[in-house]
Structure formats: structure tokens, C-alpha cells
Amino acid sequence: MKCAAIIAAAGSGERFGAQIPKALIHLGDRTLLEHAIAALAPVATQIIVTAPAGYENQIRTLVGDGIEVVTGGATRSESVRNGLALVTSDIDYVLVHDAARALATTQLARNVITELSNGEKAVIPGLVQVDTVKSVDSSGYVLATPDRSTLRRVQTPQGFSRELLVKAHASKNDATDDGALVETIGAKVKIIQGEERALKITTPADLSIALSYIGSASEFRSGVGVDAHTFAVGKPLWLAGILWPSEMGVEGHSDGDVAAHAICDALFAASGLGDLGSNFGVNRPEYAGASGAKLLNETLAMITKAGYKISHISVQVIANRPKLGARRIEAIAALSNALGGASVALLATTTDGMGLTGEGKGIAAIASALITRNSDIRA
Ligand code: CTP
Ligand code: MG
């Protein structure tokens, strides 16, 4: 039996209040949309994402090949209809899922499919209602108190036989879930046990709750890197990604940018991909004179290929001179730029005339890197 998944991601996320559509907000190391796709990819042979108008290309790049992207509509139901139009005729079941329910598990999708394969035509996950619910009139007066034990808070993925879902959507009606459209045409809808973690992320507070579910699931790794070079008369000084005119430069196989090199080593330490010497050392003549920015950029490419993302970089320059303070912002921008926009902090200190660089013979830097594992979003 073949299953398609329509992932509704075309909302603007008004209640969330971010500058970008809600589906593109990050939860841990990936967007809500990527989480939702990762959950359904193992059970769906066709995946269709509904994108907010104007974001189609960005979402196409994000989700990669093999996933169809269609422009959503003004309402969720309209978006789902746009996706449904692309479902191929060999599909038996369609799962409709909200990108906003980023943490629904693959197991929940499997449970829905199991019911469908047992003959149900419409299957919806739901949770018991813990609060008492009132229905009210437009002035805020209570009309009735429904019996709480008969109420369920419903979630997605909701699963349907393709034919039934197409029929339900033929009405072109609007509803906040697909189950309601199916109910309207008189079909039976079965509720199965939902998941707390399949909560719909609507506000920033919901994102915090969702984060608590994945807190330990993202793999964080840290690394430390150190570099030091002696001053060399007549060389330009490159430090922290920028040129320091009228400062004395340093010796080195490359441009001698100790801050950049310490960061590269911290990234190699965190990712376990060797070190500066083994990757760009003297046996690699193509890196002779290479800029710190170039080495940072190549290091970023290597760790990205290995599945890591930078969470934060901190680097401290240890030197009597130059004084970094006045150009700190400029240097942070240069380092961050070379690292694909990563969060970077830059500090400086002296060593009170002692050891290391206190004797005024050179410049050193210590960096730390925090990186996260970027899991593959397709099965
Ligand atoms: N959705 C959609 N097309 C729309 C509206 C919503 O595909 N025209 C999707 C959203 O992207 C979301 C899911 O439907 O994944 C559930 O909707 P909701 O949580 O309400 O998201 P938004 O509509 O984006 O949020 P808000 O209502 O706060 O604007
Ligand atoms: Mg909405």
C-alpha cells in the first residue's frame, strides 16, 4: 500500500510573531519543516510541502530533491488542496501533517497507517482533554459545558484513504483540520492515541516546550584550539580575519592569523577531523600564504560535509599588541563571514609581562567551538 504525505507549511505564523514563516523557524539544529519531513519520510513514497508564496525556492533548496513543493493557499484547507492535486493516482493513503507539529514521531504516523490498512478510511491522533471546556457566545457568556471525557484535542498526521480525502476537499470548504471536512460528508473518523510531543508550535512558549523534548537528542560537541606565532619584521599583520596596517606581522606557513588558526583547530577538535597541520600543513603547498578567512572557509566546508553545524565560536587573542578593542566589531564580522554567518565572540588579553606572549615576542590565540550534529533529513 502506497502512502503520500502533504506537509502544510504555508502559514505565516502570525501568532508566533517572527519575521520569517513559522515552518522555517529553527528547533535545535533544523527547521520545523525539516523535523516534520524527517518524521514522515520513512513511511511516505511521495512528499509534498505547501510553501508560503515567495518562499518556494528557499524551501526547495532546504528540502532538496525528491520532495515536491507547491504554493499554499490563503487558508490551511486551500493549501492542503493544492498539495492534494499533486498526489499521484497510485497512492492509497494520504497523511496530512502540520509542519508546526514538528516533533510528531514516525511511530505516530505508522500507527495511523496501521488503522488505515485495517480498513479505516479516516484516522486522527488525539489526546484527552485535561481542562474543562466551555462554549461561549460572542459576549463571553457561557452557553454550555461539554462533558470533558468525550472531548479530544486532535493532532496531525491525520490519515485518509486518498479517495475519501479528495471527495472531502471537493466541497472547497474550510476547516482547521481535514478530519472536519471528512465529517461534513458523513464519513466515520477514528481517533487514535496522540502524542504530547506532537504539540502544535504556535507561540515562542511552545517552541520552548518543544525544545525540552529534543534537549538531549541533538548531539553537541566542543573543541579547543591554540595557535601562536613569533613577530617577523617586514610582514603585514593579519589577525582575526582583518589586516592591521603599521603593526608588525608574524611568521607562518600561511598568513599567520593566530585567531583564525585557533578557530580552525577548535573546529577540527570538536569534529574529530584532524588538525590544522594534518589538513593545511606544510605538505600542502597550495595553502602557503593562505588567508585566515580561506582556511576558516575550508574548515567550515569540511565540518559541514561531515554533518556538523556551528553553534558558537569564541576566540581570545593573547598579545601585548595590537589592541583589539577598537576594531572588535569589524573583526567579528570578518570571522563570522568566513564561517558562513556563525555566531562568534572575540576577546583579547595580555599576560602581565609573563610567559607566552607577555615577553612581546609574538601573538597567540585560544579558541573554543561548539558544534551540533546535523542529522540527515531523508531516510
Ligand atoms: N498552513 C498552510 N497554509 C495556510 C495556513 C496554514 O499550509 N494558509 C499550515 C501552517 O504552515 C502550519 C499548519 O498549517 O504548519 C497549521 O497552521 P497554524 O499552526 O495556524 O500555522 P500558521 O497559520 O502559520 O500560524 P498563525 O495562525 O499563527 O498565523
Ligand atoms: Mg493559522
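Residues numbered from 1 in each chain as written. Chains lettered and ligands numbered in written order. Predicted model: local features only at pLDDT ≥ 70, side-chain atom pairs only at ≥ 80, totals over all residues. Heavy atoms only, no water.

Concerning the packing of aromatic side chains
Applicable threshold: Think of it this way: a Phe, Tyr or Trp ring, Trp meaning its six-membered ring, pairs with another when their centres are within 6.5 Å, and the plane angle makes it stacked under 30 degrees, edge-to-face over 60, tilted otherwise. Put simply, DSSP marks the helices as runs of H or I at least four residues long and the strands as runs of E at least two long, and each gets a number from the N terminus on. For the exposure calls, accessible area comes from a 1.4 Å probe over protein chains only, and a residue counts as buried if that area is under 20% of its type's maximum, exposed if over 50%, partly exposed in between. A ring is scored as having a charge over it whenever the NZ atom of a lysine or the CZ atom of an arginine sits within 6 Å of its centre and within 35 degrees of its normal.
Tallied over the entire structure, the rule returns two aromatic pairs. Ring centres of Phe268 and Phe280 lie 5.9 Å apart, and the angle between their planes is 50°; this geometry places the pair in the tilted category. Here Phe280 lies in helix α9 (residues 276-280) and Phe268 lies in helix α8 (residues 258-271), a separation of 12 residues in the sequence. Like Phe268, the residue Phe280 is buried in the burial classification. Measuring from centroid to centroid gives 4.7 Å for Phe280 and Tyr287, while their planes differ by 65°, and the two rings are edge-to-face. According to the relative accessible area criterion, Phe280 is buried, its value standing at 4%. Look at Tyr287 and you get buried, because its relative accessible area is 7%. Among the aromatic residues, those joined into a cluster by ring pairs are Phe268, Phe280 and Tyr287. Looking at Arg327, its charged tip hangs above the ring of Trp244, at a distance of 4.6 Å from the centre.

Section: the packing of helix α3 (residues 76-84) against helix α5 (residues 162-170)
Convention followed: A fitted line through C-alpha atoms represents every axis, and for helices the fit uses only the stretch in contact; the resulting angles, taken between N-to-C directions, go from 0 to 180 degrees. Roughly parallel means an angle under 35 degrees; roughly antiparallel, over 145; roughly perpendicular, 65 to 115; everything else is oblique. If you view the pair so one helix is near and one far, a crossing is left-handed when the near helix is turned anticlockwise from the far one by less than a right angle, and right-handed when it is turned clockwise. We call two residues contacting when some pair of their heavy atoms lies within 4.5 Å.
Interaxial distance between α3 and α5 falls to 11 Å at its minimum, and their mutual angle equals 130°. Taken together, the axes of α3 and α5 lie oblique to each other. As α3 packs across α5, the resulting crossing turns out to be left-handed. Contacts from Ser77, Val80, Arg81 and Leu84 in α3 reach Leu165, Val166 and His169 in α5.

Some remarks on helix α11 (residues 328-338)
The line we're drawing: The directions considered for the arc run from the helix axis to the C-beta atoms.
Among all positions of α11, only Ala331, Leu335, Ser336 and Ala338 are buried. All buried residues of α11 project into a common sector of 165° when viewed along the axis, lining one side. Residues of α11 that are exposed and angled more than 90 degrees away from the buried face: Ile329 and Asn337. Lining the buried residues of α11 we find β15 (242-244), α8, α10 (292-305), β17 (308-318) and β18 (344-349).

Description of the pattern of salt bridges
Under the convention used in this document: Any carboxyl oxygen of Asp or Glu that lies within 4 Å of a side-chain nitrogen of Lys or Arg is treated as forming a salt bridge with it.
Under the defined criterion, the tally for this structure stands at 12 salt bridges. Two residues, Asp90 and Lys2, come together in a salt bridge whose shortest N-O distance is 2.6 Å. Placement of the pair is Asp90 in the loop between α3 and β6 (93-98) and Lys2 in the segment before β1 (3-8), with a sequence separation of 88 residues. Assessed through its relative accessible area of 35%, Lys2 is described here as partly exposed. As a salt-bridge pair, Glu247 and Arg321 come within 2.9 Å of each other at their nearest N and O atoms. With Glu247 in the loop between β15 and β16 (249-250) and Arg321 in the loop between β17 and α11, the pair connects residues that are 74 residues apart, well separated along the chain. Owing to a relative accessible area of 45%, Arg321 belongs among the partly exposed residues under this scheme.

Considerations on the pairing of strand β13 (residues 220-232)
Rules: We treat two strands as partners when DSSP finds at least two bridges between them.
In this structure, β13 lies alongside strand β19 (residues 362-373), joined through 11 bridges in antiparallel fashion. Bridging across to β19, Ser222 finds its partner in Leu370.

Some remarks on the domain arrangement of the chain
Basically, it comes down to this: An automatic or database domain assignment provides the domain bounds reported here.
Per the domain assignment, the segments of the chain are domain 1 (3-213) and domain 2 (219-373). Each of domain 1 and domain 2 has a C-alpha centre, and the two are 46 Å apart.

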